[in-house]
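Structural features, examined
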Amino acid sequence: MDEDTFNDLLKLIENDIQKQDTKFRNAISAKDRLSVTLRYLATGESYKSLSFSFRMGQSTIAGIIPEVCIAIYNNLKNQYLKMPTTTQEWLKIANEFEERWNLPHVLGALDGKHVVIKAPANEGSSYFNYKHTHSIVLLALVDANYSFLYVDVGRNGKISDGGVYKNSSLAAAIETNKLNFPEERPLPAGTKPVPYVIVADAAFPLSRHILKPFPFRNMTWQQRIFNYRLSRARRVVENAFGILTNRFRVLLNIISLDPSKAQTLTLACIVLHNFLRTRSPNGYDVKEQNIDRRFTFKYTLSRQAGNRSTASALDNRNEFVQYVNGIGAVEWQNDLA
């Protein structure tokens, strides 16, 4: 973050974090409050370490950071974390996925991430996950340029990614057709209308608007090609998580806050991620000049969800199989699948 971007961010939240001076002492300035919060988010340093660096008491820092995170999220979310509302906006995202990742009809990549926290008091094993840590779940929908479109943060880590999605407002909006998705149309050179889809891994249910890979046993060669091409488009969300956690390294540590404060902290990191990708591309944006976009992991290791897929969802997936093995084939896919 350069100085101008810092000052712009400060202007956006200053009224919400500035405190009044008293007769006994001057209040900590809004600039210092923002500085210590950004340092904490970027490094994950302990409050004790920050207290030496900024000459503030640990209890003071403990009060400042959640308050500033709330202000950051509340002031940035409407502009820097918003779902498309029109068909044209969705089509723009689909075009970017087709141009950059060679898969048409894709409106976003969906996945979940565990944000590790200290075991909450009196919660038993509610937040204990399959990785043997305590966590809250970050469910995210990401566009073709690593920006977050939608997030659901705060559900306990015991719930699977598919379970979080099933109970999310995103799933409800998709099921009730409230997102203005584009109308079904054939894939390039196809004849059968196919719905626009969100790509996801095996933990999610295959449905009309969710496209996931085939089970990994007894696959045909065409299905292996499809799984590779799907994973190539779906890796965008994995990359976004990687960028987020490496820029805001507090997310790499065990967050010693209660779940509600950890949720606020995570939301602040997400809107800052989108803000900085827009406002400070030279220092934050992803440099891809030397990246060969062909290469990616071949298959996800997530378990298949237990939901029974509908016949129409299976037919839609087969349309994508025919596309990536036909007119939509890329020259390197047979070497990498």
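The paragraphs below set out a description of the structure included in this document. (Residues numbered from 1 in each chain as written. Predicted model: local features only at pLDDT ≥ 70, side-chain atom pairs only at ≥ 80, totals over all residues. Heavy atoms only, no water.)

**Digging into the sheet that holds strand 3 (residues 148-156)**
Basically, it comes down to this: Any two strands with at least two DSSP-identified bridges between them are counted as paired. Helix and strand assignments come from DSSP, with helices taken as H or I runs of at least 4 residues and strands as E runs of at least 2, each series counted from the N terminus. The contact criterion used throughout is that any non-hydrogen atoms of two residues lie within 4.5 Å. Lines fitted to C-alpha atoms define the axes, with helix axes restricted to the stretch in contact, and inter-axis angles between N-to-C directions lie between 0 and 180 degrees.
Reading across from one edge, 3-2-1-6-7 is the order of the five strands in this open sheet, with mixed pairing throughout. Strand pairing shows two members of the sheet lacking a second neighbour, strand 3 and strand 7 (210-211), which therefore form its edges. Pairing between strand 6 (residues 197-199) and strand 7: two bridges, direction parallel. Looking across to strand 7, one finds that Val199 is bridged to Leu211. The strands that helix 5 (residues 87-101) touches are strand 1 (106-116), strand 2 (135-142) and strand 3; relative to strand 1, the one it contacts most, it runs at about 85°.

**Some remarks on the pairing of strand 3**
Sheet topology note: the strand 2/strand 3 ladder contains seven bridges and is antiparallel. Looking at the pairing, Leu139 lines up with Asp152 of strand 3. Between the antiparallel neighbours strand 2 and strand 3 lie five residues, among them Tyr146 with a positive phi of about 70°.

**Examining the environment of Val250**
If you trace the backbone, Val250 turns up in the loop between helix 8 (221-247) and helix 9 (259-279). Along the primary structure Val250 and Cys269 are separated by 19 residues, whereas in three dimensions their C-alpha atoms are 9.3 Å apart. The contacts of Val250, once residues within four sequence positions are left out, are Tyr40, Leu41, Thr43, Gly44, Ile255, Leu265 and Cys269.

**Here we look at the nonpolar core**
Going by this rule: Throughout this description, the term nonpolar core refers to a set of buried Ala, Val, Leu, Ile, Met, Phe, Trp, Tyr and Cys residues connected via side-chain atoms within 4.5 Å. Here the term buried applies to any residue with accessible area under 20% of the maximum for its type, exposed to any over 50%, and partly exposed to those in between, with areas from a 1.4 Å probe on protein chains only.
Counting residues in hydrophobic clusters, the biggest one holds 105 residues, and the most contacted among them are Leu34, Tyr40, Leu110, Phe148 and Ile255. Among all residues touching Ile255, those that are not within four sequence positions of it are Tyr40, Val115, Val116, Ile117, Lys118, Val250, Ala262 and Leu265.

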